[in-house]
Amino acid sequence: MISVDDHVLEHPRVWLDRLPAKYAEVAPQVVREGDEEYWVYEGKKVPTTGLGASAGRARSEFTTKPLRFDEMRPGCYDSKARLEDMNVDGVLASLCFPSFPRFCGQVFHEAEDRELALLCVQAYNDWMIDEWCGSAPGRFIPLTLIPLWDPQLAVKEIERCKDKGASGFCFSEGPSALGLPSLYDAGRYWDPVLKAAEDTGMVVCTHIGSSSRMPTTAPDCPMMVSVVLQPLNAMNNLTDWLFSGALVRFPQIKVALSEGGIGWIPATLERAAYVLDRHRYWAGKDGVSIKGQDGASLPPEVLDADLHQLFRDHIYGCFIDEEFGVANLDAIGIDNVMAETDYPHSDSSWPNSRKVIHARLAGRTDEEVYKILQGNAIRVFDFTPAPIPQV
C-alpha cells in the first residue's frame, strides 16, 4: 500500500545543518535539561507529546506526556529506520506531514522574524526533499511547506520545490483561524497560490489540526471528545472548498483531506447539494456573512455548480480503518479515496495497516483494491513508486 498521511518527527539538526551560521543560536533546535527535552524557537519551548510518537508502544502505554528522542522508536525521525518499519507494515511509499512546524507550518507563520522564518521553511523543504525522501527514491512522496504570510513568496517556493521533485504542499484547513484571509476572501488572497498549485500539479494537502484548533463541546470537556469530533474539521474544510468558488476557478486543482476519515463525506455532499438547491436564489443576490456583513453572497460561479461533481473532480480523502466509510465507497467515489497509516501517531494501525485495510476491502474487485491501496495515490500525486521491496 501507499500511505498518503504519515508524520515525521524532524531530527534535532534539520535547521542547524541548513541555516546560515549567523542563525546558529536562534535556529530551531532541541535542548536537553535534565530529563526534559524540547524544541526551542523564538523563546518558546515545544516538547514532543507522546501521542505523536506512539509507534511500537502498546495502547496501554500511550501518553500525552512529552517524550525525548531516545525514548522514541527510531522510525519516528530516522528515514532508514522508517523504511524498515514500512517494510514490516507492507507500505511501499509514504507521504509525511511535519511535526515541530505543525501541520502546515504554523510555527513559522507565527514567528516574529519573517526573514528567518522564510529560511526555516526553505530549510525544511530542502531537508524533506533531499534527505528524508532522497535517502530512498520512490519510497517517500515529497510534501513541503509554504510561507503562508506572503502568497507571492509562496508561489516562488511552490515552483522551487516542484523543480526539486516535490508532489504537494501543506495548506491550512481553516486559514482564517490563523489570522489569514479565508478561501472566500473578496481580494482573492489565495488565488496566486492556487494558480501555482494548478500550474505545477502540486496537491494542496490539508491535515486536520492545520487550523491550530480542534472541535470541542465545552471548555472543560475531556480531550477524548475532541478526538472523536476530529472529522468535523475535515467537514468544515470540504464545505469551504465547495462553496468558495476556488474549485470552479481552478479546474485542475487537487485537494487532499488528510486524517479526517471518509464515512462523513456522502452525508456532507448530500446536505451541501440540498442546501444549494433550496437556497441558491437568495444566496446569490442578498446573502450575508455569518457576521451579518453585506456583500457576502455566494460566489456566482458556485450557484449552478454540481457539488458532487466538484468533489469527484478535485477532492480526495483517506482512511486508516473504517467499516462504515468502506461500506459507502460507491457513494464517495472509488477514485477519490486513498489509504493511510498515520505512523507514528496513536491512531496508527502499524504494524498491521495493510492487513487491516485489505480486511476492510474484502469483497471489492482487484481493480478497486489496487486503486485505494496504490493507484489513486500514484495518479493524484503523479508519483512513481520504487519496486516492491523483497522482505
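See the structure above.
Everything quoted here is computed from the prediction, not taken from an experiment.

**Student:** Would you mind going over the overall build of the protein in detail, with residue names and values included?
**Tutor:** Summing up its helical and strand segments, the protein has 15 helices and 12 strands in all. The C-alpha atoms of the protein give 21 Å as radius of gyration, which agrees with the globular expectation for 391 residues (21 Å, within 12%). By its C-alpha atoms, the protein is 65 × 55 × 45 Å across when sized along the principal axes. Within the protein, the proportion of its 391 residues that are buried is 54%.

**Student:** I'd like a description of the pattern of salt bridges, backed by residues and values.
**Tutor:** Applying the stated criterion across every chain yields a total of 23 salt bridges. A salt bridge links R249 to E301, with the shortest nitrogen-to-oxygen separation between them at 3.0 Å. Note that R249 is positioned in helix α8 (residues 246-249) and E301 in helix α10 (residues 300-303), a separation of 52 residues in sequence. Note on E301: relative accessible area 23%, which makes it partly exposed. Of the charged contacts, one joins R364 and E368 as a salt bridge, the two residues approaching to 3.7 Å between their closest N and O atoms. In terms of burial, R364 and E368 fall into one category: buried. Through salt bridges with shared partners, one network takes in D126, D130, E157, R160 and K164.

**Student:** Would you mind going over the packing of helix α7 (residues 231-244) against helix α9 (residues 265-283) in detail, with residue names and values included?
**Tutor:** The geometry of a pair of packed helices is captured by two quantities: the angle between their axes and the separation between those axes. α9 packs onto α7 with a crossing angle of 40° between their chain directions and a minimal axis gap of 11 Å. As the angle between them shows, α7 and α9 are arranged oblique. In this structure, α7 crosses over α9, and the sense of that crossing is right-handed. Every residue of α9 that contacts α7 at M235, L238, T239, L242 and F243 is listed here: T268, L269, A272 and L276. Of the residues that constitute the contact of α7 with α9, the class distribution is 7 nonpolar, 2 polar and no charged.

**Student:** Please set out the side chain of H11 residue by residue, giving values where relevant.
**Tutor:** Inspection of the secondary structure assignment puts H11 in the loop between β1 (2-7) and β2 (29-33). Beyond its immediate sequence surroundings of up to four residues, H11 is in contact with D17, W39, F69, Y77, W127 and E131.

**Student:** Account for the pairing of strand β11 (residues 315-319), naming residues and giving values.
**Tutor:** With 5 of its 5 residues buried, β11 lies for the most part within the structure. Side chains I315, G317 and F319 of β11 all project onto a buried face; the interleaved residues Y316 and C318 project onto the opposite face, where all are buried too. Relative to β11, strand β10 (residues 255-258) runs parallel, the two sharing 2 bridges. Its bridge partner lying in β11, A256 is registered against Y316. Sheet topology places β11 next to strand β12 (residues 337-339); 3 bridges connect them, and they run parallel. Paired with F319 across the bridge in β12 is A339.

**Student:** Tell me about the nonpolar core, and name the residues and values.
**Tutor:** With 118 residues, the main nonpolar core has W15, F108, W241 and F381 as its most contacted residues. Counting residues per element, this core draws most heavily on helix α3 (residues 114-133), which supplies 12 residues. Those residues in contact with F108 that sit more than four places away from it in its chain are W15, P28, Y41, F100, P101, R114, A117, C120, V121, L145 and W149.

**Student:** Which residues make up the pairing of strand β3 (residues 36-41), and what are the values?
**Tutor:** Both β2 and β3 contribute to a ladder of 5 bridges, which runs antiparallel. Looking at β3, one finds that V31 is bridged to Y38. Taking the residues between adjacent antiparallel strands as the criterion, β2 and β3 are bridged by 2 residues, where G34 takes a positive phi near 65°. In textbook terms, the turn of a hairpin is the stretch between consecutive antiparallel strands, and for β3 and strand β4 (residues 44-46) this stretch comprises 2 residues, one of which, E42, has a positive phi near 50°.

**Student:** So what's going on with the packing of aromatic side chains? Which residues, and what values?
**Tutor:** For the coordinates displayed, the defined rule picks out 16 aromatic pairs. Ring centres 5.6 Å apart and planes at 80° place the aromatic pair Y41 and F108 in the edge-to-face group. Note that Y41 is positioned in strand β3 and F108 in helix α2 (residues 106-109), a separation of 67 residues in sequence. Of the two residues examined, Y41 and F108, each falls in the buried class. A centroid spacing of 5.2 Å and a plane angle of 45° characterise the contact between W132 and F140, whose relative ring orientation is tilted. Neither residue differs from the other here; W132 and F140 are each classed as buried.

**Student:** Any details on a negative patch on the surface? Residues and values, ideally.
**Tutor:** On the surface, a cluster of negative charge is made up of E42, E112, D113 and E115. Position of D113 relative to the elements: it lies in the loop between α2 and α3.

**Student:** How would you summarise the packing of helix α4 (residues 151-164) against helix α5 (residues 191-200) if you had to cite specific residues and measurements?
**Tutor:** In contact at an axis separation of 8 Å, α4 and α5 are set at 15° when each is read in the N-to-C sense. Here α4 lies roughly parallel to α5, going by the angle between them. The two elements α4 and α5 cross, and the hand of that crossing is right-handed. Seen from α4, the contacting residues are P151, Q152, A154, V155, I158, E159 and K162; seen from α5, they are P192, V193, A196 and T200.

**Student:** Describe in detail the sheet that holds β3, supporting the description with residues and values.
**Tutor:** Here we have 3 strands laid out as an open sheet, ordered β2-β3-β4, and antiparallel in their pairing. Where the open sheet ends on each side, the last strands, each with one partner, are β2 and β4. This sheet shows a mean twist of 40° between the axes of neighbouring strands, independent of strand direction.

**Student:** Hey, could you go over a nonpolar patch on the surface for me, with residue numbers and the actual values?
**Tutor:** Where nonpolar side chains cluster on the molecular surface, the patch consists of M223, M224, V227 and V228 and spans about 410 Å² of accessible area. In this fold, M224 is placed in helix α6 (residues 223-228). The exposed category is assigned to M224, whose relative accessible area is 58%.

Rules behind the numbers
- All residue numbers refer to position in the chain's written sequence, counted from 1.
- Given that the model is predicted, a residue must reach a pLDDT of at least 70 before its local features are reported, and side-chain atom pairs must reach 80 or more before they are shown or counted; all residues, however, enter totals for whole chains, interfaces and linings.
- Values reported for side chains reflect all heavy atoms of the structure, with hydrogen atoms and water molecules removed beforehand.
- Elements are defined by DSSP. Helices are runs of H or I of four residues or more, strands are runs of E of two residues or more, and each kind is numbered from the N terminus.
- In this description the radius of gyration comes from C-alpha coordinates, and the expected globular size is given by 2.2 Å times residues to the power 0.38.
- Residue burial is assigned from relative accessible area. The probe radius is 1.4 Å, only protein chains are included, and a residue is buried under 20% of its type maximum, exposed over 50%, and partly exposed in between.
- Here a salt bridge means any side-chain nitrogen of Lys or Arg lying within 4 Å of a carboxyl oxygen belonging to Asp or Glu.
- Angles run from 0 to 180 degrees between N-to-C directions of axes, and those axes are lines fitted to C-alpha atoms, restricted for helices to the stretch in contact.
- The scheme is simple: roughly parallel for angles under 35 degrees, roughly antiparallel for over 145, roughly perpendicular for 65 to 115, oblique for anything else.
- Handedness of a crossing follows from how the near helix is turned relative to the far one, being left-handed for an anticlockwise turn of less than a right angle and right-handed for a clockwise one.
- Should any heavy atoms of two residues lie within 4.5 Å, those residues are counted as being in contact.
- All amino acids are sorted into three groups, where Ala, Val, Leu, Ile, Met, Phe, Trp, Tyr, Cys and Pro are nonpolar, Asp, Glu, Lys and Arg are charged, and the leftover types, Gly among them, are polar.
- For two strands to be treated as a pair, DSSP must find no fewer than two bridges joining them.
- By nonpolar core is meant a set of buried Ala, Val, Leu, Ile, Met, Phe, Trp, Tyr and Cys residues that side-chain atoms within 4.5 Å join together.
- Ring pairs shown here join Phe, Tyr and Trp side chains whose ring centres sit within 6.5 Å, with only the six-membered ring taken for Trp; geometry is labelled stacked below 30 degrees between planes, edge-to-face above 60, and tilted in between.
- Exposure above 30% relative accessible area and the lack of any salt bridge qualify a residue for a patch; like charges then connect within 9 Å, and the nonpolar side chains Val, Leu, Ile, Met, Phe, Trp and Tyr within 5 Å.
- Every accessible area reported is derived by Shrake-Rupley at a probe size of 1.4 Å, with residue values counting cover from the shown protein chains alone.
- None of His or the chain ends enter the tally, which takes Lys and Arg as positive and Asp and Glu as negative.
- Charge placement uses NZ in Lys and CZ in Arg. For Asp and Glu, CG and CD serve respectively.

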